[in-house]
Amino acid sequence: MKVKLEVNGEAHERDVEPRTLLVYFLREELGLTGTNVGCDTTSCGACTVLLDGESVKSCTVLAAQADGHSITTIEGLASGDELHPMQQAFREHHGLQCGYCTPGMVMAAVSLVKENPDLDEAAVREGLEGNLCRCTGYHNIVQAVLDAARSSREGAW
Amino acid sequence: MIPAPFDYVRVGSLDEAISALVEHGEDAKLLAGGHSLLPLMKLRLATPSVLIDIGPVRELSYVVDAGDHVAIGALTRHHDLHHDPVAVSQVPLLSMVAGKIGDPQVRHRGTIGGSLTHADPASDLPAAVLALGGTLVARGPAGERQIPADAFFSGFLESALAPDEVLTEIRVPKAVGGHAYQKFVRRAQDWAIVGSVVARVGDRVGVALVNMGPTPLRALAVEQALAEGASAAEAAERAAEGLEPPSDNNATAEFRRHLARVLTRRALAEAGV
Amino acid sequence: MSILGNRVLRREDPKFLTTGGTYVDDLPLEGAVHIVYVRSPMAHARIHSIDSTEALRSPGVVAVFTAAEVDLPPMPPGAPFANPAMVRPWLADGVVRFVGDLVAAVVAETREQAMDAAELVLVDYEPFPVVIDPEAAAGSDILVHEAAGTNVVLRMPEDLVSVGMVPPEAATEPPEMFAGCEVVVRQRIVNQRVAPCPLEVRAAASRWDDGHLTQWTTTQAPHGVKASLAQIFGLADDQVRAVAPDVGGGFGAKIGAYPEELFVAWIARKIGRPARWVETRSESMLSLGHGRAQVQLAELGGTRDGRLLAYKLSVIQDAGAYPAFGAFLPLMTRTMLTGVYDIERVYFADTSVATNTNPTVAYRGAGRPEATAAIERMVDIFAAEIGMDPAEVRRKNLVGRDRFPFTTPTGTTYDVGDYEAALDRVLEAAGYSELRAEQQRRREAGEAKQLGIGLSTYVEITNGIPGSEFGSVEVLADGRARVRTGTSPHGQGHVTSWSQLVADQLGIAIEDVEVIHGDTDLVPRGVGTFGSKSLQSGGVAVFQAAEQVVDKARKLAAELLEANPNDIELDKQSGRFQVAGTPSASKTWAELARASGDGGLSAEVDFAASGATFPFGAHLVVAEVDTETGGVTLKRIVAVDDAGRLVNPLIAEGQIHGGLAQGVAQALMEEMCYDEQGNPITANLADYEFVSAAELPSFETYSMETPTPINPLGAKGIGESGTIGSTPAVQNAVCDALRHLGVRHVDMPTSPLRVWKAIEQAKGKS
C-alpha cells in the first residue's frame, strides 16, 4: 500500500506492506537509523519519535497509521549545526552513555517539556516512565530535562 | 517483532467502519490507537486477517457536557481525556485515571474505546467506568444500542459487542464529589497488580477493582455494605468477597485479596467516604 | 594546567544526539540475507524430527539449516574446569536443554520473510523431565547432559586445588571453625538470576571476500571474537577482521561470543552471501547470558561485643544448560569473600551445576556482588542478633587504613583503602542519627509506612584478570594525534578520557586527538572492556605511549635545534618543543612528525599492571516500606565511592550512577523467573521489572580519591562499584524497616509479595 508522510519537514511516499511498523519505515525505507528498537512489548521507548509534535512509540504505530501525518525523529531535531536545547542539555549533563536509548529519550523529553515546561523532578521521572535506560541510572537524564525545561520556560525554545 | 501479514482497510466514517466489519466478518479487527492490539500482533498472539483503521474517524473524538452526563467519543485519546476541561471539571475521576494509564507515549495513542473493548481486567479505565456506573453506546448494522457498563465486560478479554458493532460513545454521570484511584504497581508503567477505584455519584458510592478477576469488576459487597450504613473501614474488609483473582509472578490470589481490602480502604478514605 | 581530573564533556555525544550511533543493525550491507533462529519452546526434550518443507516454500526463503548440516568443530568450552561432556552444540543435536535453545536457522531475503518462515518449521519434541532448581540439580537423576553422568559442572575449592590455584589446606573446612564464637548466625540467601538487558540486543553480520571474513558484532571484546572465528574457521590472522561498531551496552553479557553470532559467518560462507542476524528482545531475554544465580548458605560467627571471628559461605551456582563463564564466577565470590572486614577464619565452597535454563555469564560485578551481598547481609543479621547498631559492628571489624597492602584469608591482597573514612563520610552525609530517630518515631507511632536504613561497606576487585592491554599514540604530519586502544568502549567514554590523557601530555588540543577502537584491522591487539579494567590497563598503556612519544619528540627536537635534549622543554600551551630560555627556537608537533617520517613519532605499549586494584566505598539507602502493601519506596541513596584518581569526574559519576541503578534494580525489582517446567515467565520487558526513572530517587554521590600504587595514574576501576555497593544497602534497608516486626530476612528482589509474606510469617510466629 502507498504511504505518504512528512518526516523532518520532507515529504516521502513509499509502497509498503500494511504490517510495516513506523520504526522500520523510518529505518529501512528512509534510512533514518537514529531511531532504535529496544524491545517488542512497547516498553522501552527507544523508538520514540514525534507524531504531529507528540511523542509516540514508533514500534507500535503502523506506517499506514502515520499516513498524512508529520513525523520528527532525532535527525530532525537540531537546526543545522545548532543543537536543540534538549540535545545540548543531555550533552552538558552527561545524560547518555552507550547512546542507544538516547534518541528516544530525547524525543520523549522534548514532547514532555513542550506539553508542560513547568516540571519538577517527580514530574520528569514520571514523564519518562516509558523510556528505559540501562547505563545512566537516569540521574543525569533527569538533570538534563529539568535544565532544558528551565530554558524553555525562559523562552529559549 | 513484526506482525503476521494482514489486509488493511482505512475508513473515514462510522458508517464505513460498520460496513467494513460486516464485509470482513469475524477475522477483522478494528484498529484505533492500536495500543492494545498491535502489541499482541507483534508477538503474534493475535493474527487478524484484516485491520479496519478507524483512527481517521475524527467525529468520534470528543468530550461534551450533555446535561446530566458527560459523553465521551470512543476515539478520545487518554491524553485528551486527561487534559479535557469538561472531563477535568465534571468527571475528574475519569480524567485522573486516564492520566495514570501506561506512559505518555501510550496516552498519546491509546483511546478510551480501545481500552474498554479490549476488556482487560488489568486496565484502568474499565474499572473507572464501572465505578461511575457508565453506559456504553454501540452501533451496528441494526442501529444503535446502549449497554450498561455492568453488562459490557462479558469474559476475559471479551466484551458484549457483536463482531459487527462499533463502540461509539461512553456516557458517565457527572461526579464532582470525592473520588480516588489506588493503583498498586511495582513500576510506574506497569499494569496494576491490583487497583481500587472509588466514585461518589450523588448519594451512591461506586467501587470497582482492577485485576481481581477475569473481567474488570465492581466490588459489590463493598458498595452494598456502604449502602447499608457500614463504616468505610468495615466495608473495605469485604472488597475481595466472592472474587477469584489470578495468581502470577507479582501476586498470589491471597495477596491480591489482601491488597484489594487495603487499597479499597485507602481509596474510600481518599474519596472522603 | 592539567586537564586530567576535569569534567570534560564527552566527545562521543554529538553524534549520538543528532543522528544516533551506528550500531550493527544500522550498517548497510549490500545483498545480505537475514537469519532468524528457531528456538526450543521446551526446557528439555528430544527432537524426533524437524520438517522444514513448508518453511522452505515460504516467500523469500533461501535456506533452513539444522544440526545435520553443520560441519564445524564444537564450540570452545565456556568455562575453565567445565565438564567437557557439557559442551554446547551449534544447533541442538537431538536434545534441547533450555527454552530458547537453538534448533534451526532460517535464512531469507528479508527479516519479515525469515520471521514468517521460522513459524513454519515443524519440530516434533518428546518432552523430558526437567531440572530447574539449582539446589536439587547435583542430586538429581534427571541429567541435563546424559553423557556427563552428572549435573555438577565444577567444584570449588577442589578444582582450584587440583591446578594449584589455592593451597590444599583450603580444601577442607578449618577444624573448630566457629570456636570462640558466642554467636553464630546462619542464613540461606538467594542471589537471584537477573537479565543484563543492554538496551541494544545482540546482532551480528558477516561477509566473506575471497576467503577473508569480516564480522560486525555487538561485543565488548572484538579481538576475542576474532580469535574465536579464526579458531573455528581455521583462518590466519590476516584472514579475519572483527568490528565492534557502536555497541548499545554490554554489562558483561557481551564479553564472550555466542553461537548465534559466530554461526552467522558459517551461514554467510555456506550460501555465499553476506548474512545478518538481529535478535528480538523476547529472544534476548531467553538467550543472552543471565547473571548472578547463586544460592548461598552463609554462617557468620563472633562475639557479643561485635567482633567477627569466622565466616563460611557455601554456594550453589546455577550455570544453566551449557556451562559458560557463570559457572566459574564463584571464584570471584571467593576472592572477595570477607569484603572490608578482618575475619580470621573462613571457608568457601561452591558447586556449580547445570540446569535446564539459559546459561549464566558475567554481569556487572560478576561474582563480586554475590560476595558483597552475602557478607553485608550477614553483618546486618549478626548486628540484629547481638542488638548492636550495624554501623558499629562494621566499624569494629573494618580492615584499618594502616594495614595495606592487606592479604585476606582467601589470599587476596588489597592495594590500599580507608574503609572507615568511607563509612564516616556516608553516615555524616546521610545524617545517620537523625534517620535513626525518625525510624524510631515511626515505629513507636505504629505507622503503616516504616523507615529502613540500609548500609553497605564494600570493597571490590578490578582489573583482576592478569594480562596486558594495548595502547598506541602517533603524532601525524598535520600535528594531530592518533590513538589506538585495545579497549572496546560501549558507553564508557574512552574517546574522551583517552584524549584527555594524550592531550594532557602532548599539549595537543583534545579535539585534535583521534581515538580508534573496536576494529581488529586498525588495532593490532586488544583485550576489550570488562571487569572495570579499561582505564587502569588500556588507559595506562595510552598514557605511557604518550610519554614515550614526548621523549622521542624531545630527542628529535634537540637534534633539529642542535641542543641538548635535557634543555628541550615542551610548552603544553602552544604544543611546541623549545630550548629552555630561548622560546624562539622551537619545533611544533607537525614539524617534528614530518621530520621523523611516516609513523616515526609513535609508540606502542602493552601495559600489564602488577596486580589488581580494589575500589571501595560505603552506601546508605533509606527505604520507606508500606507494611500493608509490601511496597517499597526508595527515599535516598547516598554513595561514597573511591576509585582512586579520576581522569574525568563527569564520566566517573556517570559510571557510579548507572551502577547504582542496576544494583538497586536487583535488590528491589528484577528477577528472571522460570516456572517448574522451565518456562521463562519474565521473558520480555513488560514482565521483567527493568527499573525506570520513576522508581528511583536522585543519587547523592560523594567521591574519595585514594590513589593506588599499582599504576602510574593511581586509578582504580569504577564500572562495577555502584552495583556492588548498592544492592546490599537496599536489601538491608528493606529488612531494617521490618526488623521490629520480627522479620529477619527478605530475599531479593524485595518485591511487595515477598515483603508481605515476610510480615505475615513473622506475625504467625509471634
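Report on the accompanying structure. Please read all numbers here as calculations on a predicted model, not as lab measurements.

This brings us to the overall build of chain C. Scanning chain C for helices and strands turns up 19 helices and 28 strands. In terms of overall dimensions, chain C is globule-like: its C-alpha atoms have a radius of gyration of 27 Å, near the 27 Å expected for 766 residues. Taken over 766 residues, chain C has a buried fraction of 66%. Considering only contacts within chain C whose residues lie at least 6 apart along the sequence, 80% involve residues at least 24 apart. Counting only carbon and sulfur atoms, one obtains 50% of the accessible surface of chain C, whose full area is about 25100 Å². Averaged over its 66 positive side-chain charges, chain C has a centre that lies 2 Å from the centre of its 99 negative ones.

This part is about helix α12 (residues 419–430) of chain C. Residue and element names in this part refer to chain C. The first and last C-alpha atoms of α12 sit 17 Å apart over 12 residues, in line with the 16 Å expected at 1.5 Å per residue. Every buried residue of α12 is listed here: Y419, A422, L423, V426, L427 and A430. Buried residues of α12, viewed axially, fall in a sector of 125°; they line one side.

For the rest of this paragraph, the subject is the packing of helix α10 (residues 368–386) of chain C against helix α18 (residues 721–738) of chain C. Residue and element names in this part refer to chain C. Interaxial distance between α10 and α18 falls to 9 Å at its minimum, and their mutual angle equals 30°. The angle between α10 and α18 places the two elements in the roughly parallel class. Considering how the two elements wind past one another, α10 and α18 form a crossing that is right-handed. Within the contact between the two elements, α10 uses R368, P369, T372, A373, E376, R377 and D380 and α18 uses I724, P728, Q731, N732 and C735. When its residues are assigned to classes, the contact of α10 with α18 shows five nonpolar, three polar and four charged.

This part is about the sheet that holds strand β1 (residues 33–39) of chain C. All names here are of chain C. Taken together, seven strands build an open sheet; the order of strands is β3-β5-β1-β12-β9-β10-β11 and the sheet is mixed. Two strands close off the open sheet at either side, each with one partner strand: β3 (61–65) and β11 (240–243). Across the sheet, the mean angle separating the axes of adjacent strands is 20° when strand polarity is ignored. The sheet contact formed by strand β9 (residues 203–209) and strand β12 (residues 275–278) spans four bridges and is antiparallel. Across the sheet, the residue bridging to A203 is V278, located in β12. Helix α6 (residues 222–233) contacts β9, β10 (212–217) and β11 of the sheet and is inclined by roughly 145° relative to β11. Helix-sheet contacts for helix α7 (residues 259–271) involve β1, β3, β5 (102–108), β9, β10 and β12, and the interaxial angle to β9 is about 30°.

It is worth spelling out the interface of chain A and chain C at this point. Counting residues at the interface gives 46 residues for chain A, matched by 53 residues for chain C. Around 4100 Å² of area is buried between chain A and chain C when both sides are counted, 56% of it from carbon and sulfur atoms. Among the ionic pairs, A:R134 bridges to C:E670, the shortest N-O distance being 2.7 Å. At the junction of chain A with chain C, the criterion picks out 28 residue pairs in polar contact (both at pLDDT 80 or more). Here the side of chain A that touches chain C takes four residues from helix α2 (residues 85–92) of chain A, the largest share from any one element. Counted by class, the side of chain A that touches chain C contains 17 nonpolar, 16 polar and 13 charged residues.

On to the environment of C:P84. You can see C:P84 is positioned in the loop between β3 and β4 (95–96). Taking the C-alpha atoms as reference points, C:P84 and C:P323, separated by 239 residues in sequence, lie 9.6 Å from one another.

In this structure, C:N356 sits in the loop between β15 (345–354) and α10. Separated by 3.4 Å, the side chain of C:N356 and the backbone oxygen of C:A43 make a polar contact.

Looking along the chain, the bond that leaves C:M156 and enters C:P157 is cis, with omega of 10°. Within the secondary structure, C:P157 is located in the loop between β7 (152–156) and α5 (158–162). Not every positive phi belongs to a glycine, and A:D52 is a case in point at roughly 50°. Structurally, A:D52 can be placed in the loop between β3 (48–51) and β4 (54–57). Positive phi, normally seen in glycine, also occurs at C:F251, with a value near 60°. Relative to the assigned elements, C:F251 resides in the loop between β11 and α7.

A separate point is the sheet that holds strand β3 (residues 50–53) of chain B. Residues and elements named next belong to chain B. The sheet built from three strands is open, its strands ordered β1-β3-β2 with parallel pairing. Edge positions in the open sheet fall to β1 (7–10) and β2 (28–31), since each of these has one partner strand only. On average, each strand axis in the sheet is inclined to that of its neighbour by 25°, with strand direction left out of account. Contacting β1, β2 and β3, helix α1 (residues 14–24) crosses the sheet at an angle of about 170° to β3.

Contact residues are listed per partner, giving 31 residues for chain A and 32 residues for chain B. For the pairing of chain A and chain B, the buried interface totals around 2600 Å² over both sides, and the portion due to carbon and sulfur atoms is 54%. If you sort the residues of chain A by the area they bury against chain B, A:R19, A:Q65 and A:E129 come out on top, with a joint share of 26%. Between the two partners, chain A and chain B, sit four salt bridges. Put simply, B:R10 and A:D67 hold a salt bridge, and the shortest N to O gap is 2.8 Å. Taken together, the connections running from chain A to chain B amount to 13 residue pairs in polar contact (both at pLDDT 80 or more). Going through the elements one at a time, β3, β4, α3 (102–115) and α4 (121–127) of chain A are the ones with two or more residues in the side of chain A that touches chain B. The leading source of residues in the side of chain A that touches chain B is β4(A), at four residues.

With respect to the element layout, A:T42 can be found in the loop between α1 (22–29) and β3. Judged by its relative accessible area of 8%, A:T42 falls in the buried class. Reaching out from A:T42, the side chain makes a polar contact with the side chain of A:T60 at a distance of 2.9 Å. With near-sequence residues (within four places) excluded, A:T42 lies in contact with A:K57, A:C59, A:T60, B:H35, B:P39, B:K42 and B:D103.

The next subject is the packing of aromatic side chains. Aromatic ring pairs are reported here in terms of the distance separating the ring centres and the angle at which the planes meet. Under the definition given, this model contains 16 aromatic pairs over all chains. Consider the rings of A:Y100 and C:Y23, whose centres lie 4.7 Å apart with planes at 75°: the pair is edge-to-face. Of this pair, A:Y100 sits in the loop between α2 and α3 while C:Y23 is found in the loop between α1 (13–18) and β1, placing the two residues in two different chains. A relative accessible area of 7% places A:Y100 in the buried class. An angle of 25° between the planes, with centres 6.1 Å apart, marks the rings of C:W90 and C:F263 as stacked. Here C:W90 is found in the loop between β3 and β4, whereas its partner C:F263 is found in helix α7, with 173 residues between them in sequence. Residue classification places C:W90 among the buried residues on the basis of a relative accessible area of 5%. Taken together, the ring pairs connect C:F65, C:W90, C:F263 and C:W266 into an aromatic cluster.

Parameters and conventions
Residues numbered from 1 in each chain as written. Chains lettered and ligands numbered in written order. Predicted model: local features only at pLDDT ≥ 70, side-chain atom pairs only at ≥ 80, totals over all residues. Heavy atoms only, no water. Helix = DSSP H or I, 4+ residues; strand = E, 2+ residues; numbered from the N terminus. Rg over C-alpha atoms; globule rule 2.2 N^0.38 Å. Buried < 20%, exposed > 50% of the residue type's maximum accessible area, 1.4 Å probe, protein only. Contact = heavy atoms within 4.5 Å. Areas by Shrake-Rupley, 256 points an atom, 1.4 Å probe, with all protein chains shown as cover. Lys, Arg positive; Asp, Glu negative; His and termini not counted. Charge placed at Lys NZ, Arg CZ, Asp CG, Glu CD. Expected span 1.5 Å × (residues − 1). Arc of directions from axis to C-beta. Axes fitted to C-alpha atoms, helices over the stretch in contact; angles between N-to-C directions. Parallel < 35°, antiparallel > 145°, perpendicular 65-115°, else oblique. Left-handed = near helix turned anticlockwise from the far one by under 90°. Nonpolar A, V, L, I, M, F, W, Y, C, P; charged D, E, K, R; others polar. Pairing = 2+ DSSP bridges. Buried area = accessible area lost by both parts, 1.4 Å probe. Salt bridge = Lys/Arg side-chain N within 4 Å of Asp/Glu carboxyl O. Polar contact = N/O pair within 3.5 Å; in protein donor to acceptor, adjacent residues only side chain to side chain. Phe/Tyr/Trp six-rings, centres within 6.5 Å; stacked < 30°, edge-to-face > 60°.

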